[in-house]
Amino acid sequence: MKRRSLRMGFAGLFAGLVAACSPLGTFDRLVPKDRGGTIVAKGLAYGSDPRQQLDVYVPRGGCGQPRPVVVFFYGGGWNSGTRAGYAFVGRALAAQGFLTIIPDYRLVPEVHYPAFVEDGAAAVRWAAMNAGKYCGDGRSVVVMGHSAGAYIAAMLAVDPRWLRGTRAAVRGFVGLAGPYDFAPFDVDASRAAFGQASDPAETQPVTWASAGDPPALLLYGTDDTVVLPRNSIALAARLRAGGVAVEQRAYRKLGHVGILLALARPFRGRAPVLADVATFIRSTANPNGTAIP
């Protein structure tokens, strides 16, 4: 009973912080984290702007063979968020055996589309070039994100304009409750971020999804009323039409925040989000089946 009360307390705190557009720092400080992952670098620059910095998480233990790299982009409506609130994600993924990088990126209103996608591309290029310093395989990168961050990850995976010479390093894409098909822009956040785009269609991942894109894992909660499940369903259909391997997971009774919350230790019993993500990354980033230490 005490453990259940603790989980409910964390859930209420998390929901309140998200509703207030908080950086989630309080939740991140309080929630128990995975001991199998640790942060080894903070505030590394991948660009000249103060927002263009990232943190690096690694599995505990020796190096062994190079590990797959996950670049995780957090959400926040393209207008809020900080990597400091997502150590629970970084350590969870690192504990599964992945070198994990969490970057900040420039936000609305200081910038608009495509600046945050450009920042995402710069972070992935940094990861591909520098992963070896942290026992990572820069040729085996999975881009992952939640909500607005899933949008950034999706654009990097399906739109060839952004990564160019580095795109071959992207072996997979994981999207949690991402907006992929949301034009015309009918909410404040999307209008502020994309309203200046001359061609709304070219801002949408579903426009670009086609043959040759990396395999994708699209996750969403059936009770999500912020980013409707139809976004993931539409992107999956477009990718499959191009012959791309796609996996979908619909988690019953999870909402927009709950799917991210399920990555944290106290809430993994609500849905196997972390297990599903880890299985996908292992099979996609390491298709030959060699054991990941």
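Residues numbered from 1 in each chain as written. Predicted model: local features only at pLDDT ≥ 70, side-chain atom pairs only at ≥ 80, totals over all residues. Heavy atoms only, no water.

Trainee: Looking at this structure, I do not really get the packing of helix α4 (residues 115–130) against helix α5 (residues 148–158). What am I missing?
Mentor: Two elements in contact, α4 and α5, have axes whose closest approach is 9 Å; the angle formed by their N-to-C orientations is 70 degrees. Classified by the angle their axes make, α4 and α5 are roughly perpendicular. Pair α4 / α5 crosses with right-handed handedness. For the pair α4 and α5, the contacting residues are Phe116, Val117, Gly120, Ala121 and Val124 in the first and Tyr151, Ile152, Met155 and Leu156 in the second. Tallied by class, residues from the contact of α4 with α5 come to eight nonpolar, one polar and no charged. (Axes fitted to C-alpha atoms, helices over the stretch in contact; angles between N-to-C directions. Helix = DSSP H or I, 4+ residues; strand = E, 2+ residues; numbered from the N terminus. Parallel < 35°, antiparallel > 145°, perpendicular 65-115°, else oblique. Left-handed = near helix turned anticlockwise from the far one by under 90°. Contact = heavy atoms within 4.5 Å. Nonpolar A, V, L, I, M, F, W, Y, C, P; charged D, E, K, R; others polar.)

Trainee: When you look at helix α3 (residues 87–95) in this model, what are you seeing that I'm missing?
Mentor: Since the α-helix advances by 3.6 residues per turn, residues separated by three or four positions end up pointing in the same direction. Summarising burial for α3: seven of the nine residues are buried, a large majority. Within α3 the residues assigned to the buried category are Ala87, Phe88, Val89, Gly90, Ala92, Leu93 and Ala94. Gly97 sits one or two positions beyond α3 and adopts a positive phi of about 105 degrees. (Buried < 20%, exposed > 50% of the residue type's maximum accessible area, 1.4 Å probe, protein only.)

Trainee: Just to check I follow, could you spell out the state of the cysteines for this structure?
Mentor: When the sulfur atoms of two cysteines share a covalent bond, that bond is a disulfide. Summed over the entire model, instances satisfying the criterion amount to one disulfide. With its sulfur 1.3 Å from that of its partner, Cys63 forms a disulfide with Cys135. Between Cys63 and Cys135 the disulfide shows an S-S torsion of about -65 degrees. By sign, it is left-handed. A residue pair is termed long-range when its members are at least 10 positions apart, and Cys63 in the loop between β2 (53–59) and β3 (67–73) and Cys135 in the loop between α4 and β5 (136–146) qualify at 72 residues. Accessibility expressed as a relative area gives 35% for Cys63, which makes it partly exposed. (Disulfide = S-S within 2.5 Å.)

Trainee: Hey, could you run me through the nonpolar core in this one?
Mentor: Within soluble globular proteins, side chains that are nonpolar generally end up buried alongside one another. Of all hydrophobic cores here, the largest spans 95 residues; its most connected members are Phe116, Tyr151, Phe173 and Val273. A per-element tally of this core places α5 first, with ten residues. (Core = buried A, V, L, I, M, F, W, Y, C linked by side-chain atoms within 4.5 Å.)

Trainee: So what exactly am I meant to see when it comes to the pairing of strand β8 (residues 246–251) here?
Mentor: Consecutive side chains along a regular strand alternate between the two faces of the sheet. As paired strands, strand β7 (residues 216–221) and β8 are joined by six bridges and run parallel to one another. Considered in β8, the bridge of Ala216 is made with Val246. Crossover connection from β7 via helix α8 (residues 230–241) to parallel β8: handedness right-handed. (Pairing = 2+ DSSP bridges. Right-handed = clockwise from strand over helix to strand, strands pointing away.)

Trainee: Could you clarify how one ought to interpret the packing of aromatic side chains in this entry?
Mentor: The geometry of an aromatic ring pair is captured by two quantities: the separation of the ring centres and the angle between the planes. Under the counting rule described, the total for this entry stands at 19 aromatic pairs. Relative to Phe194, the ring of Tyr151 has its centre 5.2 Å away and its plane inclined at 75 degrees; by these criteria the two rings are edge-to-face. Here Tyr151, found in helix α5, pairs with Phe194, found in helix α6 (residues 188–194); they are 43 residues apart in sequence, far enough to count as distant. Like Phe194, Tyr151 is buried. The interplanar angle of 50 degrees and the centroid separation of 5.8 Å between the aromatic rings of Phe182 and Phe185 together place this pair among those described as tilted. Just as Phe182 is buried, Phe185 falls in that class too. An aromatic cluster is present here, built from Trp78, Tyr113, Phe116, Tyr151, Trp162, Phe182, Phe185 and Phe194 joined pairwise through their rings. (Phe/Tyr/Trp six-rings, centres within 6.5 Å; stacked < 30°, edge-to-face > 60°.)

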